[in-house]
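Spelled out, the chains give:
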Amino acid sequence: MYRIKDEQIDQWIEAHKEQMLEDICELIRIRSVSAYDPNSPERPFGEGCAKVLLRALELCERRGFRTRNYDFYCGTAVLPGTTSSSIGIFNHLDVVPEGNGWSFDPFSPFVRDGVLFGRGSMDNKGAAVMSLYTMMCLRELAPKLKHSLILCLGCNEEAGMKDIRHYLECEPAPAFSYTPDAGLPVCNGEKGILEADLIQTIEPGNLLALFSGMASNMVPDKAYAELDCTLEEARAALSDRDGITIEGQNGRVRVTAHGVGGHAAFPENTVNAEEKLLCALLESGLLQGGAAEPLAFLQKAFADDTGVGLGIDFRDEPSGYTTHVGGMVRLEGRELRQNVNIRYVVTADPEEVERRLCTAAGQGGFRCVVLRNSPPSYMPGDHPAVQVITRVTNEVLHTDLKPFTMGGGTYARELPNAVAFGPNRMDLKLPEGVGDGHQADEGVCVQYLLDGLKIYVKALLELDEVIESD
């Protein structure tokens, strides 16, 4: 196996660091929220995603790689190997909506105190460009690998992963793949993801509007209801509640709850604004008509985020416990529609989770419409690739980190022989004032990207040996 001295890698990274950061900023400046439109085949995920993909492929070409655009679903850059086998590196260029609470423009990136700020810096544009530089480093410092390296850049990871499925319709799956969209050392298992809408026709009474959330996979940081009541009545009933604001608007009263947003896969340190709003409305006595009962069901369902309220509290040894989030709610006329995002443990039967959810919804008077049910993925800890990645990571970082499973959904679940692999540090806390992925003031520590680049270079040299090639 060919080895590169650590000093060579360190010198290469230092020489290319500033250019890599500027390339990342170039992509962050493009607002690329994925919005699938089946009636627009030329721009299936919207103008922002099309623009960022074109810019990214242009960047890859400027760096000397041949590229291909797969109908604006995704694009690739390739470092050719000596055999017909390949290793895939799958990143995404789409981002979640910016949400509320930013202290700066989400799409005007900057570096401050060793942190690169901007929507997509951590999830996943920073790692996407860093993956490109990984291939550049290997091209310059190592002889040709046996496996071709295929950098795939998708446009729909945050909103359904139609991009990766389209790619697999066009190309065979690589012999092994990883996605730099997780923590270190390696995520060898991902929980199942079930997304559904709970729908009920109600008599709303004095509830005129109900709104929460911008995306299924986000814990909402803001939710509001509009009521037909007086401003004085609302203030008398709710003025003592923290995080609740009340205002008169167009002859109606708007009650807004403010929470702490985050990724639906990791709800533990968030505050769901919808649940907070429902609790306030139900306890205030302000609601009149038929809305109270279905809202009480929803409030109870989301008071706990480990599946208890919906009868889906599965647990297991590899992945811990199930989580669920009420990401979005809408009241349109008499139709109340609640979106539910569930991350269930790797040993659970997908059909059983779905059956239990539908049963619980029915008990609350809701019709359950399953939008997607993506089964869990799991690669055993003794797999050679998992062992290589874990060892190399710990050697570079001087740590003793272990493989882990998570509730986040990455491209790894759509690919055979795949894992999610860095570059984020789950063993370290982000600096104060730095938001995580899907949060306001999102940022990534520059050192995470630099360490990740070195880890990927060293790991790929070994993976090229342990992954079978043609």
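Scroll up to find the structure this text is about.
Heads up: these notes are all about the structure in this document.

Cut-offs and rules
- Residues numbered from 1 in each chain as written.
- Predicted model: local features only at pLDDT ≥ 70, side-chain atom pairs only at ≥ 80, totals over all residues.
- Heavy atoms only, no water.
- Buried < 20%, exposed > 50% of the residue type's maximum accessible area, 1.4 Å probe, protein only.
- Helix = DSSP H or I, 4+ residues; strand = E, 2+ residues; numbered from the N terminus.
- Pairing = 2+ DSSP bridges.
- Disulfide = S-S within 2.5 Å.
- Axes fitted to C-alpha atoms, helices over the stretch in contact; angles between N-to-C directions.
- Contact = heavy atoms within 4.5 Å.
- Expected span 1.5 Å × (residues − 1).
- Salt bridge = Lys/Arg side-chain N within 4 Å of Asp/Glu carboxyl O.

1. Concerning the pairing of strand β19 (residues 323-332)
Here is step 1 of the chain: Of all 10 residues making up β19, eight are buried, and the element is well covered by its neighbours.
Here is step 2 of the chain: Two strands pair when backbone bridges link them, and strand β11 (residues 207-212) and β19 are joined in this way by two bridges, in the antiparallel orientation. Residue pairing for β19: Phe211 is matched across the bridge by Arg330.
Here is step 3 of the chain: Hairpin connection, β19 to strand β20 (residues 335-344): the antiparallel pair is bridged by two residues, and Gly333 has positive phi, about 65 degrees.

2. A closer look at the state of the cysteines
Here is step 1 of the chain: Evaluation of the coordinates by the stated rule reveals zero disulfides.
Here is step 2 of the chain: Sulfur of Cys155: no disulfide; nearest cysteine sulfur belongs to Cys49 and is 4.9 Å away.
Here is step 3 of the chain: Relative accessible area serves as the criterion here: at 0%, Cys155 is assigned to the buried category.
Here is step 4 of the chain: Counting only cysteine sulfurs, Cys74 is the nearest neighbor of Cys170, a cysteine outside any disulfide, at a range of 7.3 Å.
Here is step 5 of the chain: Residue classification places Cys170 among the partly exposed residues on the basis of a relative accessible area of 34%.

3. Description of the sheet that holds strand β5 (residues 115-117)
Here is step 1 of the chain: Across the sheet, three strands lie side by side as β4-β5-β26; this open sheet has antiparallel pairing. In this open sheet, the two edge strands, each paired with only one partner strand, are β4 (110-112) and β26 (443-445). Across the sheet, the mean angle separating the axes of adjacent strands is 25 degrees when strand polarity is ignored.
Here is step 2 of the chain: By the bridge criterion, three bridges tie β4 to β5 in an arrangement that is antiparallel. Bridging from a neighbouring strand, Arg112 pairs with Val115 of β5.
Here is step 3 of the chain: Across the sheet, helix α10 (residues 446-466) lies against β4, β5 and β26, angled at about 55 degrees from β26, the strand it touches most.

4. A word on helix α3 (residues 125-141)
Here is step 1 of the chain: Compared with the 24 Å implied by 1.5 Å per residue over 17 residues, the 24 Å span of α3 between its first and last C-alpha is a close match.
Here is step 2 of the chain: Most of α3 sits out of view: 15 of its 17 residues are buried.

5. Overview of the pattern of salt bridges
Here is step 1 of the chain: With the rule as written, the count across this model stands at 29 salt bridges.
Here is step 2 of the chain: Here Glu14 and Lys17 are joined by a salt bridge, their closest N and O atoms 4.0 Å apart. Of this pair, Glu14 and Lys17 both sit in helix α1 (residues 6-28), three residues apart, roughly one helical turn.
Here is step 3 of the chain: Under the relative-accessibility criterion, Glu14 is labelled exposed at 52%.
Here is step 4 of the chain: Notably, a salt bridge pairs Glu203 with Arg334, separated by 2.8 Å at the nearest N-O pair. Taken together, the positions of Glu203 in the loop between β10 (192-201) and β11 and Arg334 in the loop between β19 and β20 put the pair 131 residues apart, joining distant regions of the chain.
Here is step 5 of the chain: A residue is classified by how much of its surface remains accessible, and Arg334, at 44% relative accessible area, is partly exposed.
Here is step 6 of the chain: Because the salt bridges share partners, they merge into one network encompassing Asp6, Asp10, Lys454 and Lys458.

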